[in-house]
Every structure is written in structure tokens, then in C-alpha cells.
Amino acid sequence: MTVKTTCAYCGTGCGILADKNGQGVTIKGDPEHPANFGRLCSKGSALGDTLGTEGRLLYPQINDRRVNWEEALDLVASKFSDTISTYGPDSVAFYVSGQLLTEDYYVANKLIKGYLGTANIDTNSRLCMASTVAGHKRAFGTDTVPGTYEDLEEADLIILVGSNLAWCHPVLYQRIAAAKAEKPWMKVVNVDPRKTATSDLADLHLQIAPGGDVALFNYLLANTAKHGQQNTGFVNAHVDGYQSALDAAAADDVNLTGLSEQDLADILALWLKTEKTVTVFSQGVNQSSSGTDKVNAIINCHLATGRIGRKGMGPLSVTGQPNAMGGREVGGLANMLACHLDIEDSNHRDAVQSYWRSPTMPKQAGLKAVDMFDAVEDGKIKAIWVMCTNPAQSMPDADRVKSALQNCDFVAVSEMYSNTETAKTADVLLPASGWGEKHGSVTNSDRMISRQRAIAPPPAEARHDWQIISDVAKRMGFADGFDYEHPHDIFIEHAKLSGIAAALGKDFDISGLDSLSRQEYEALGPTRWPFPKSGGKERFFSDGHFYTPNHKAKMLALTHTEPSVPQSAELPFTLNTGRVRDHWHTMTRTGLAAQLNQHTGEPYIEIHAADAELLHLPPASLAEVTSPNGRAIVRVLISDKVAKGSVFMPLHWTEETAALGRVNALIPSHVDPVSGQPESKAAKVCIKKFTAQWFGYAVSLQSFQPTSAYWAKAKIVKGWQAEFADISVPSDWESYATSLFGLGETQIISVTSTDKSSARIALMQNNKLAAVFFASQNPVALSRSFVSSALGGDSPVLAGHAGQGVPDPGTTLCACFNVGINTILNAIQSQELVSVEQVGNALQAGTNCGSCRPEISALLHRNIVLEAAE
Ligand code: SF4
């Protein structure tokens, strides 16, 4: 049976067809879904491999003791009730997630705001797009995303700001790439301090200084007016604040962008001559101590030119999480009420309270994420319930957050996985259902509401989040408000409330769906809001109507501000953070899919060659990265993609997957003063060589736990692999390897150098390779793809690479068809391939999800450059 559902990962919100069969679950893109029209990226394509019970939390636990649901729910309810009655409502908090379904999110928000009487609910979406919410509200009066994905195909110019779409929203990247191939005149500008896979698609890459975005868009605004290109009619009729915004823009210093005169002239020329311009922005804009100003600087330019509310133009924020938008709709942020209503507005509060018939309603915003965990640390919050997220890993200053949770009086955690950093701090663990097991809805970045549907029931005793929350609410005496039997009941309640919100002048209106029967809800196809009872609205702002009191949009007077992070001579490098192609957030799910671990197997730091030379960091060595907040040890990746003085580290590695790879342990908790979103792109760090005495690499059919100073572990197709390094050399390599793998009876085949500085040790069981370990004074040079594929075979593979004449595929580039980099390079050279399509025809690489197409394109380009140099 085919189940139509929606991807679990990024805010693109791709539709999926999931087929459960004897081999497991086969995943395909839904050709009818308007977000992806059948496309999927490598992460979405591998979702079938992430189902199952590996690592799952299967039963409720209290302090590591298995209990029944009654006991666990009673304890959560009594702890929250007692804490509120002793210390008041603001002594409790919920920290929730953009991965919750809208129905779960709605119920959590209703319980804490309407019944517990505090607005202390915030979400990991605060780390993702709170600056966009604040920027939209300042400019439009509401959190309205004006554009849609179709605008990307309609545009003649796309400006991507702080957005590596090729890796983070790959299907949107593919849509743009396809549109560009069809429209040769279409231009793409990529504004990013780092050259990324997305830059390969761009006609112009602007390697902007960290935090330089406001100065750049002020430059465009000032020069728009200078060239008489402002849309005076639109501005006069529909915009406030034009002149003051223009004056501030004209006074700003464009040199702070760090861009050359030529770069500035090039983007200005494109901007001035291209009316159909879409500016796409994401975490590079939002995750900033001036993120809200950056958002408004972009919107200012679109308002001044009237490039908004029409086909093929407008600002378009893309969210990082599958349901960040749904969370915004239900008021999942501490400063919002459901349906985009405002907590500070007494009419809005009264409307929500009377609709809910709830006993209470907070009059002021609750604590935003960083402040919330500060209050946990200070002991002001004494009971916290974390749902579906891992703040001890994902919050800035993560070690401090972890310690605050460890010291909190009461921590409840609803989770799918038992071993997250946050789960380890819990007094009560509540096993939750996850993707593939839940029914509900999510909203993607272009306001498309899509259904998630279950493929299988939750395992063991796991329950849905809306059920868990409602069961606690009932135990706290609020049965009337939480008498839900099905997510459909919640959806309808939310849809009805949106009609009330619309009558109060809000944009979010899905009242046209408030009479859906359960059957119609089950069958609901992708539906973009607004969806009012009175009939569809063509396009937000097409009539020049905004949601401010006078219905005019607001331009803001803005000036560049330096990233607000501690600076000192001892911290000479600026650390940017982000995602890799095949992983998502803290890898709890993507780490389960072996093919997704093959593209990037360990945490790394990307550093410019000149900086690496100064620091005596050769390629593949290890670097120790420190900040006032924490420390990491990561692999060195020397690259021309980052500017001198800047470095990049991915955010995915946790205590479970690496010894010291947690990038958020390095990040200070400095926030944007308007949105409360932390600055995650400009931490100051010190880097030095980690002087390892030995490096290692191992694979095993069975999982094993490294203990060296540096290690990074990943699931592979036939078992597990790990990289190692340490400062002290074991006295006996064979004993080291044997105790590392803990395999019991094995036959050992080993080669150790006479000075004991290197070793190769194979452990055979029943004449089959069960594990193999390599150690060397230098980073271990061998073919990892060859060694890992030899597991279970009859060769000890101590040579570490294929024999002469046996092809070595190299690191996997195409995860869908398992095609390695060497295979692609060989084909390019031997078959004289010159296009990504030709590589696809020859090897299939890049022909399924397309996530590797930018890298294949880079290999082709490299080959052309090499040929030209010969
Ligand atoms: Fe999922 Fe990839 Fe689509 Fe994002 S782009 S929703 S990760 S398939």
C-alpha cells in the first residue's frame, strides 16, 4: 500500500510516496506534490532506512527505571502542578520543536498558555527563523511569507542570501537549476561568506564579510533611489518609512560588506535592471545578532521597488525545519498566540481565552530560548518539559545548557531516541512516536499545509505527542480542554480559531477547512494558506494591503552592526556553522542511514590554506578549536571556499558520534535583541594543531565504542567505522584492537612496525573479516570504501587498498547509486564526459535525487581546468 506523506527534514516540505513491502519501506518523491513534483534529495530518499527501533526509546522511564505510562504521566502532572502552586506559573516551561506536527504543537501551546498560565514556551525554531518572524512583523504587521516556490521559476534574478540551498534545501536548488537551464537569461547571485555547492550555480558569488548583509542591502536601496528606480507610486500608496530608511541606507558604509567595487557594481546592475527578483534567505541571515535588521534590509529593497505581491518577485525566507511554519501558526514561540495573534493585545488574548474557555491567559511574552535556559540555570524555572528536540546539543553554549538541565529540579523529555544529550538529563523520559508513525500536518516554507501519515504504528509503548500532552493536561484537572480523540479534532479546532483571528485582522486563515470531516481530513492534499471560508486569496500583498494598523508596509531605518560576540586577540578566527549535504540536525535520524554517512564521515573544520600553513596544519590533520565556551577536536579540511580568517564547522556531531565534535559547545549565547535568535555564524575562536601521536581507522561488523582523545563513529553499510587519534601510543596494538572491538574468540592477523608506530590488525571470525584496525603516526592513508566493503569477506585487507587492476571507487559522492568519486573521475577522463547529464547516462550518478549534481559539476570543472593547464 502506498502512503502519501511529507518528508521529515527541511522546510522545503517535499511530498513522499512510501511503500511498505517485504523489503522494508521504499521511498519515492510524490510527483503530484507542488513542493517537489516527484524530486527528493539524498536525505528524503533514505528515509526508509531510518525506520525501525534502533536507538529508540520504547518505554517510559523515571530516573532510568522502566515504569508504566500511568506512573510517568502522574509524575509529570504532579510535578508541574506542585511547582506552579508553590512558585507560580512562570516557574515552569516547555521547550518544543519545529519537528512536532502542527496538531502536537497546538496542544502544547494551548496547555501552557491557556491552562498553566505562562507563556514560557519556546521552540528550537527560535534558533532557525525567529529573526524572519520578527522582520516580517515589523514590515508587514504579521508573520506573512509573501512568496511561493513558483516564484523561483518565474523570477529572472534570484539573490540567495546566507543560504546553501544545494545542501540544505536541495529540492529548491534543483528547481532553480532546472529553471535556469530553461531560461538562459535567468541570473543567480549567491551572497555568502563561504563558497558553497550553491555558488556553482551562481553567476555571481559575493563573498561578503560576516554580518555585512545590512550594509549590502542598504547599498542597493540607496543606489536604487540614486538611479531613480524606486517605485514611487507603490511607496506613496502602500509604504511608510521610506525616507528615513533611505537616509539611513545612504549613510551606511558599504565597505563593511568587504566586497570589491566590481562585485558591488555587478549586483547593483542586476538588481536595477531586473524587476522579477526573488531574494531567498535562510539561516545565514536569521542566525545573527542583527538577523532581524538583515531581514528588514532585504524587505526594504523589495518595498522600495514594489517588487512584492506579484509573480516572480519578493522576499522568500526558507525554514530549516519541516514544521517551523506550523509552529509559527499555532503560537509556538514565547511571544505569540495561536493563529498569528499577539500576546500583548488584550483583544487577541480575550478572543483566544474565550474560544478555548480556558481558565487563564498570560498577559506578556514568555522567555525566549536563550533566556529560558538562563532561567533554568538560575533556578527560576524549576520544571521544564522538552519535546522532540535536543537543546543540550543544539543550543549555543551547549555545555552550559546541559549543565543547567542536569541541575534543574524536574526535567521531562518526550523523545524518540533514548541517548540524546538532553534525554540523559531527564527525570522522566516519555517515548514518543516519530516520522512514519504519526498522523497530522506540517506547513512548509511557502505556506503549503501537507499531511504526514503513518506508515506503521509506533513501536512498543511509544505514543503520539498530542496524546501525551493531553493525558498530562487531564491529570492536571483540564480534561474539558483536552478531550481529543484524533488529530482531526485538533486540526478543526485550530482552523476554527483561525477564522476568529482573520476577523481580528490577521493573515493566517484556514477557516475554509474548519468543516472537514475526518475522512476529508485524512484525504486532504497539499493546501496553501490562506484558505478562508470566503474563497481563496490570490497572493498576499497583491492589493497593497498589509496587516499594520494603517495597512501600509513599514520600511525600517537600518545601519550595519558588527556581530555581537566576544572578541579578543586570543580569538583570531571567525567561526561559521552550518549543515553538510547528507545530514540533518543532530543526526539522530540521518545517522541511521548508512549511505548518508559516506559523504561526510566525521566533524571537520574548513580553513583557508594560508591560515592552515601559519598554524602548521597539514591536510587531514586534526585541529583543536577553542572559544570561551568550549572546545572541539576536528579534522582539518583545507579549502579555498572560506576567506582568510574565517573557518566553517558543521553542526551535526554529538557525544554519541564524536569525542569532541559539538560545534554548539563553542558558540556563545549572544542574541538578536529583537528576535532573541542566537548568533551562530560569527563566533570567535582560537585554533591550534592537535598534536596526536597516532591516528587510526577501524571498521567492524558490530558496533564498538572508541575511547581515544579524538574519535568519530558512523554506521556504514556492513557495520560501523571510526576514525581515531590520541596523544599517547598504546603499548600493545593487538590488545588495544582486541579490547576495542570486544568480539570474543577471533583469529588475529597483524602487521606491526618494529618501532610500534604503526599497526594493521585484522580480526577474523570463522575465516571472515569481522573487524580491522589501522594505526599510523600520520593520518591513515587508505581506501576507506575498499576496507569497509571488505567486511564479512575472507580477506584481511591489511594492504588497505584494492590490488592493482581492481578499481577503487573512492568516497561515495552519489549516495543513491553508491557511486564513488574515483569512479566518476575515471569516467570523466576515460569517456571524455563534459556534462552532469553525460555522467548520469554513464554511471547513473546524479540521476535520482540530484543532491550530488553540484559536486559532479565541480569535478567536471576541475577536469576542464586540469586539461587547460596541461
Ligand atoms: Fe526532505 Fe530533501 Fe525535500 Fe528537504 S529537500 S524536504 S530534506 S527531500
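All of the points below concern the structure found in this document. Small disclaimer: the values here were computed from a predicted structure and weren't measured. (Residues numbered from 1 in each chain as written. Predicted model: local features only at pLDDT ≥ 70, side-chain atom pairs only at ≥ 80, totals over all residues. Heavy atoms only, no water.)

We now examine the site of the ligand. If you check the shell around the ligand, you find C7, Y9, C10, T12, G13, C14, L40, C41, K43, G44, P170 and V171 and nothing else. Sorting the residues of the shell around the ligand by element identifies α1 (42-45) and α7 (170-182) as the ones contributing at least two each. Partitioned by chemical class, the residues of the shell around the ligand number eight nonpolar, three polar and one charged. (Near = heavy atom within 4 Å. Helix = DSSP H or I, 4+ residues; strand = E, 2+ residues; numbered from the N terminus. Nonpolar A, V, L, I, M, F, W, Y, C, P; charged D, E, K, R; others polar.)

On to the sheet that holds strand β7 (residues 121-123). On the basis of which strands lie adjacent, the open sheet formed by seven strands has the order β5-β4-β16-β15-β14-β6-β7 and mixed pairing. Strands at the two margins of the open sheet, each flanked by one partner only, are β5 (65-66) and β7. Relative to strand β15 (residues 410-415), strand β14 (residues 383-387) runs parallel, the two sharing five bridges. Each bridged residue has a counterpart across the sheet, and for V386 the counterpart in β15 is V413. Where helix α2 (residues 69-87) meets the sheet, it contacts β4 (61-62), β5, β6 (92-96), β14, β15 and β16 (428-431), and its direction lies at approximately 125° from that of β16. Set on the sheet, helix α16 (residues 369-378) makes contact with β6, β7 and β14; between it and β6 the angle comes to about 135°. (Pairing = 2+ DSSP bridges. Contact = heavy atoms within 4.5 Å. Axes fitted to C-alpha atoms, helices over the stretch in contact; angles between N-to-C directions.)

If you look at the biggest cluster of nonpolar residues, it comprises 113 residues, and the most contacted ones within it are F80, F94, L116 and W385. With eight residues, helix α3 (residues 102-116) is the largest single contributor of residues to this core. Apart from the residues within four sequence positions on either side, L116 is in contact with F80, I84, P89, V92, F94, L111, T360, M476 and F478. V145, L165, V642 and F648 belong to the second-largest nonpolar core, a separate cluster that totals 29 residues. (Core = buried A, V, L, I, M, F, W, Y, C linked by side-chain atoms within 4.5 Å. Buried < 20%, exposed > 50% of the residue type's maximum accessible area, 1.4 Å probe, protein only.)

Turning our eyes to something else, we now look at the pairing of strand β24 (residues 631-638). Pairing between strand β22 (residues 604-607) and β24: four bridges, direction parallel. For Y604, the partnering residue across the bridge sits in β24 and is R635. The sheet contact formed by strand β23 (residues 622-626) and β24 spans five bridges and is antiparallel. From the neighbouring strand, V625 faces β24, where its bridge partner is A632. Counted along the chain from β23 to the antiparallel partner β24, the turn is four residues long.

Quick look at the state of the cysteines now. Here a disulfide denotes one covalent bond, and it connects the sulfur atoms of two cysteines. The full count for this structure, using the stated rule, is zero disulfides. Not part of a disulfide, C814 finds its nearest cysteine sulfur in C852, a span of 4.2 Å. (Disulfide = S-S within 2.5 Å.)

Looking only at helix α26 (residues 836-843), the buried set comprises V836, V839 and G840. The arc that holds every buried residue of α26, seen down its axis, measures 100°, which confines them to one face. (Arc of directions from axis to C-beta.)

Before going further, it helps to examine the pattern of salt bridges. If charged atoms from side chains of opposite charge come close, those side chains can pair. Applying the stated criterion across every chain, the model contains 47 salt bridges. Across the salt bridge formed by E437 and R56, the nearest N and O atoms sit 2.7 Å from each other. Within this pair, whereas E437 is found in the loop between β16 and β17 (440-443), its partner R56 is found in the loop between α1 and β4, the two being separated by 381 residues in sequence. Pair check on accessibility: E437 and R56 agree, each one buried. Measuring nitrogen to oxygen at the nearest pair gives 2.9 Å for the salt bridge that ties R635 to E602. Of this pair, R635 sits in strand β24 while E602 sits in the loop between β21 (573-578) and β22, and the two are 33 residues apart along the sequence. The pair R635 / E602 is uniform in exposure class, with both members buried. Here the salt bridges share partners, and the residues they tie into one network are E150, E153, R175, D446 and R528. (Salt bridge = Lys/Arg side-chain N within 4 Å of Asp/Glu carboxyl O.)

Any link to function would need more than the numbers given here.
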